[in-house]
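# Working through the structure, step by step
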Amino acid sequence: MAAPIVPHFSDALVVLDFFGIAVFAASGALLAARKRQTLVTFIFFAVVTGVGGGTLRDLLIGAPVFWVHNNATLLICIGAALAAWLVSSRRMAGRALDWFDAAGVAAYATYGSAKAIGYGVAPVPAFAMGVLTACFGGIVRDVLANEPSILMRPELYVTAAAMSAGLFVGLTLAGAPLWLAAAIAAVGGLVLRGIAIARGWKLPAYSGS
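Worth saying up front: this structure is predicted, and the values here are computed from it rather than measured.

Our next topic: the overall build of the chain. When you go through the chain residue by residue, the secondary structure sums to seven helices and zero strands. Taken from the N to the C terminus, the helices and strands of the chain come in the order α-α-α-α-α-α-α. A burial count over the chain gives 45% of its 209 residues as buried. In the chain, the proportion of contacts linking residues at least 24 apart, taken out of those at least 6 apart, comes to 75%.

This part takes up the pattern of salt bridges. Oppositely charged side chains are able to pair whenever their charged atoms sit close together. Under the definition given, this model contains four salt bridges. In this structure, aspartate 58 engages lysine 115 in a salt bridge whose closest nitrogen and oxygen atoms are separated by 3.2 Å. Pair noted here: aspartate 58 is in helix α2 (residues 39-61) and lysine 115 is in helix α4 (residues 96-118), with a separation of 57 residues, a long-range link. The pair aspartate 58 / lysine 115 is uniform in exposure class, with both members buried. A salt bridge links arginine 141 to aspartate 142, with the nearest nitrogen and oxygen atoms 3.1 Å apart.

So, about the confidence of the model for the chain. Residues at a pLDDT of 70 or more form 89% of the chain, whose mean pLDDT is 85. Taken as a whole, residues 1-7 scores under 50 in pLDDT and shows 12 contacts with residues more than four places along the chain or in a different chain.

Let us now look at the side chain of lysine 115. Here lysine 115 falls in the buried class, since its relative accessible area comes to 6%. In this structure the side chain of lysine 115 is engaged in a polar contact, spanning 3.2 Å, whose partner is the side chain of aspartate 58.

Membership of the largest hydrophobic core comes to 35 residues, with the highest contact counts inside it found for Val105, Ala134, Cys135 and Ala161. Elements with a contribution of two residues or more to this core: α1 (11-34), α2, α3 (72-86), α4, α5 (123-144), α6 (158-173) and α7 (178-199). When neighbours within four sequence positions are excluded, cysteine 135 is seen to be in contact with Ile150, Tyr157, Val158 and Ala161. Counting residues in each nonpolar core, the second largest holds nine residues, with Ala107, Ala181, Ala185 and Ala186 among its members.

What follows concerns the packing of α4 against α5. The geometry of α4 relative to α5 is characterised by a closest axis approach of 7 Å and an angle of 140° between their N-to-C directions. Between α4 and α5, the crossing angle belongs to the class labelled oblique. Crossing angle aside, the handedness with which α4 passes α5 is right-handed. Taken together, the residues of α5 that come into contact with α4 (itself represented by Asp101, Val105, Tyr108, Ala109, Gly112, Ser113, Ala116 and Ile117) are Ala126, Phe127, Met129, Gly130, Thr133, Ala134 and Arg141.

The next thing to look at is a nonpolar patch on the surface. Residues Leu75, Ile78, Leu82, Trp85 and Leu86 make up a contiguous nonpolar surface patch of about 500 Å² in total accessible area. Residue placement: isoleucine 78 occurs in helix α3. With relative accessibility at 31%, the residue isoleucine 78 sits in the partly exposed group.

Attention now moves to the packing of α4 against α7. Two elements in contact, α4 and α7, have axes separated by 8 Å at closest approach and are oriented at 150°. Classified by the angle their axes make, α4 and α7 are roughly antiparallel. As for how α4 packs across α7, the hand of that crossing is right-handed. For the pair formed by α4 and α7, the contact residues are Asp98, Trp99, Ala102, Ala103, Ala106 and Thr110 on the first element and Ala182, Ala185, Ala186, Gly189, Leu190, Arg193, Gly194 and Ile197 on the second. Looking at the contact of α4 with α7, its residues break down into nine nonpolar, three polar and two charged.

For arginine 36, which is not a glycine, the phi torsion comes out positive at approximately 60°. Looking at the element boundaries, arginine 36 is found in the loop between α1 and α2. Phi angles above zero are rare outside glycine, and asparagine 146 is one such case at about 60°. Along the chain, asparagine 146 turns up in the loop between α5 and α6. Taking relative accessible area as the criterion, asparagine 146 reaches 68% and is therefore assigned exposed.

Rules of the game
- Residues numbered from 1 in each chain as written.
- Predicted model: local features only at pLDDT ≥ 70, side-chain atom pairs only at ≥ 80, totals over all residues.
- Heavy atoms only, no water.
- Helix = DSSP H or I, 4+ residues; strand = E, 2+ residues; numbered from the N terminus.
- Buried < 20%, exposed > 50% of the residue type's maximum accessible area, 1.4 Å probe, protein only.
- Contact = heavy atoms within 4.5 Å.
- Salt bridge = Lys/Arg side-chain N within 4 Å of Asp/Glu carboxyl O.
- pLDDT = per-residue confidence, 0-100.
- Polar contact = N/O pair within 3.5 Å; in protein donor to acceptor, adjacent residues only side chain to side chain.
- Core = buried A, V, L, I, M, F, W, Y, C linked by side-chain atoms within 4.5 Å.
- Axes fitted to C-alpha atoms, helices over the stretch in contact; angles between N-to-C directions.
- Parallel < 35°, antiparallel > 145°, perpendicular 65-115°, else oblique.
- Left-handed = near helix turned anticlockwise from the far one by under 90°.
- Patch = residues over 30% accessible without salt bridge, like charges linked within 9 Å, V, L, I, M, F, W, Y side chains within 5 Å.
- Areas by Shrake-Rupley, 256 points an atom, 1.4 Å probe, with all protein chains shown as cover.
- Nonpolar A, V, L, I, M, F, W, Y, C, P; charged D, E, K, R; others polar.

Right under this line is the structure:
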């Protein structure tokens, strides 16, 4: 296996990682708010959603699990849960959960692919790691909350993660600087997911023969 380059990532990618953790944790806490749960459940949902995808990614690519050796990750998740608990639900009305989730998908798909490439993973599996990083935490969150899984919805969710991951891997292979590839990939996935939320874009469902 190639020597990992992750410790030498640019500051932009590190920020992208923490941003993804924060917004995914917030989405988990907001779902707990929608379900009228306790503060402990807020924190639990925030942590599971914030670290779920990255944990599975790290186990698969042979990296140290990212949140085990530092305090920052769990503190970010707890902070997001406390913020969701303290902010008036009316201020977070509407589609706040969808938009936090959208930002998390774009950021985490990009960073997940970047970390996989940094640990010597081939381009196609690195693309898959990006999608997995972006989606797995949300899947666990929805299952625990007895919500319809994101995998069973026709809306453009996994597709947005695939766009971010694919853009990052493709631009990296083309020789683009890491920070530029990450910026384009994250914005591309966020724009696609944002349009899907605003306009209700969906993939066509199988209709049978």
